[in-house]
Amino acid sequence: MADRPTKRLVIDASVARSCGSPTADKPPGNTCRDFLYAVLDCEHQVVMTREIRAEWQKHQSRNTARWLRLMVSNGQLFPIQELPFDAELWETIPDMAQSDKQREAMAKDILLLEAALATDRRIVSLDENTARKYYTNAAKTIPKLREIVWVNPDKPEEKPIEWLREGAPADDFRMLGD
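Residues numbered from 1 in each chain as written. Predicted model: local features only at pLDDT ≥ 70, side-chain atom pairs only at ≥ 80, totals over all residues. Heavy atoms only, no water.

## A closer look at the packing of aromatic side chains
And then number 1: Overall, the coordinates contain two aromatic pairs when judged by the stated rule.
And then number 2: With a centroid separation of 6.3 Å and an interplanar angle of 40 degrees, the aromatic rings of tyrosine 135 and tryptophan 150 are classed as tilted. Of this pair, tyrosine 135 sits in helix H7 (residues 128-138) while tryptophan 150 sits in strand S5 (residues 149-151), and the two are 15 residues apart along the sequence.
And then number 3: By relative accessible area, tryptophan 150 is classed as buried at 0%.
And then number 4: Over the ring of phenylalanine 78 we find arginine 8; its NZ or CZ atom is 4.7 Å from the centre of that ring. (Phe/Tyr/Trp six-rings, centres within 6.5 Å; stacked < 30°, edge-to-face > 60°. Helix = DSSP H or I, 4+ residues; strand = E, 2+ residues; numbered from the N terminus. Buried < 20%, exposed > 50% of the residue type's maximum accessible area, 1.4 Å probe, protein only. Lys NZ or Arg CZ within 6 Å of the ring centre and 35° of its normal.)

## Thoughts on the side chain of glutamine 102
And then number 1: Among the secondary structure elements, glutamine 102 is positioned in helix H6 (residues 100-118).
And then number 2: A relative accessible area of 10% places glutamine 102 in the buried class.
And then number 3: Sequence-distant contacts of glutamine 102, that is, excluding residues within four places in its chain, are made with Ala97 and Tyr134. (Contact = heavy atoms within 4.5 Å.)

## Re the sheet that holds strand S3 (residues 77-80)
And then number 1: Strand order across the open sheet formed by five strands is S3-S2-S1-S4-S5, with parallel pairing between neighbours. Strands with a single pairing partner mark the edges of an open sheet, and in this sheet they are S3 and S5. Across this sheet, the average inter-strand angle for adjacent strands is 35 degrees, counted without regard to direction.
And then number 2: Relative to strand S4 (residues 122-124), strand S1 (residues 8-11) is paired through two bridges, and the arrangement is parallel. When the sheet's bridge partners are listed, isoleucine 11 is paired in S4 with valine 124.
And then number 3: Sitting on the sheet, helix H3 (residues 50-59) touches S1, strand S2 (45-49) and S3, and the angle it makes with S2 is about 100 degrees.
And then number 4: Seen against the sheet, H6 touches S1, S2 and S4 and runs at an angle of roughly 145 degrees to S4. (Pairing = 2+ DSSP bridges. Axes fitted to C-alpha atoms, helices over the stretch in contact; angles between N-to-C directions.)

## Observations regarding the pattern of salt bridges
And then number 1: Here the structure, examined in full by the defined rule, presents twelve salt bridges.
And then number 2: Residues arginine 103 and aspartate 100 are paired through a salt bridge, measuring 2.7 Å at the closest nitrogen-oxygen approach. Highlighted residues: arginine 103 and aspartate 100, both in helix H6, separated by three residues, approximately one helical turn.
And then number 3: Assessed through its relative accessible area of 61%, aspartate 100 is described here as exposed.
And then number 4: Linking glutamate 158 and arginine 174 is a salt bridge whose minimum nitrogen-to-oxygen distance equals 3.9 Å. (Salt bridge = Lys/Arg side-chain N within 4 Å of Asp/Glu carboxyl O.)

## Looking at the nonpolar core
And then number 1: In this structure, Ile11, Trp67 and Tyr135 are the most contacted members of the largest nonpolar core, which totals 54 residues.
And then number 2: Sorting elements by how many residues they give to this core places H6 first, with eight residues. (Core = buried A, V, L, I, M, F, W, Y, C linked by side-chain atoms within 4.5 Å.)

## With respect to the environment of proline 79
And then number 1: Note on placement: proline 79 falls in strand S3.
And then number 2: For proline 79, a relative accessible area of 46% corresponds to the partly exposed category.
And then number 3: Spatially, the C-alpha atom of proline 79 lies 21 Å from that of arginine 62, the residues being 17 residues apart in sequence.

## Considering unusual backbone geometry
And then number 1: Located in the positive-phi region is arginine 121, a residue other than glycine, with phi close to 60 degrees.
And then number 2: Tracing the chain through its elements places arginine 121 in the loop between H6 and S4.
And then number 3: The class of arginine 121 is partly exposed, set by a relative accessible area of 28%.
And then number 4: The phi dihedral of alanine 168 is positive, around 55 degrees, even though this residue is not glycine.
And then number 5: In this fold, alanine 168 is placed in the segment after helix H8 (160-165).

## A short note on the side chain of threonine 49
And then number 1: Among the structural elements, threonine 49 can be located in strand S2.
And then number 2: Since its relative accessible area comes to 5%, threonine 49 is described here as buried.
And then number 3: When sequence neighbours within four positions are dropped, the list of residues in contact with threonine 49 reads Ile80, Leu83 and Ala115.

The values are spatial; any link to function lies outside them.
See the structure below:
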């Protein structure tokens, strides 16, 4: 194990999907691919529930499938068989939506929130303008969401690979409640 601290990261399927896009050699495909391999190199773990794994299987490319096999063989997969039902999230968040589209987007990602809250409270996703924005707003009402770190591997200003190398700290500007 590395001398630096490691974290369990919930990585959205949007990251896997971008690595297999027709333009995977350009952002966000290449930045996400570099990020995933930095997760491997920094010895962080990837959190997978059955639902998250099923979403990954729908969207992963050969490259992300290979990365995931490496994560498994290195003992860097953190499987969660079942999460306890979080009534506060499932009952409160959909009511906060201002449209059916927003409600659908938020409900889809509650699985990420549950997994993050059950582990090290770290989410990696490209979903910047919908889920991250909605959940930052929801954090005003649901205090435990303020503890979640949300990182977009395709935002250079977030320095995502440097963040991994530093042990994936809970920087204020990355928190949903900020």
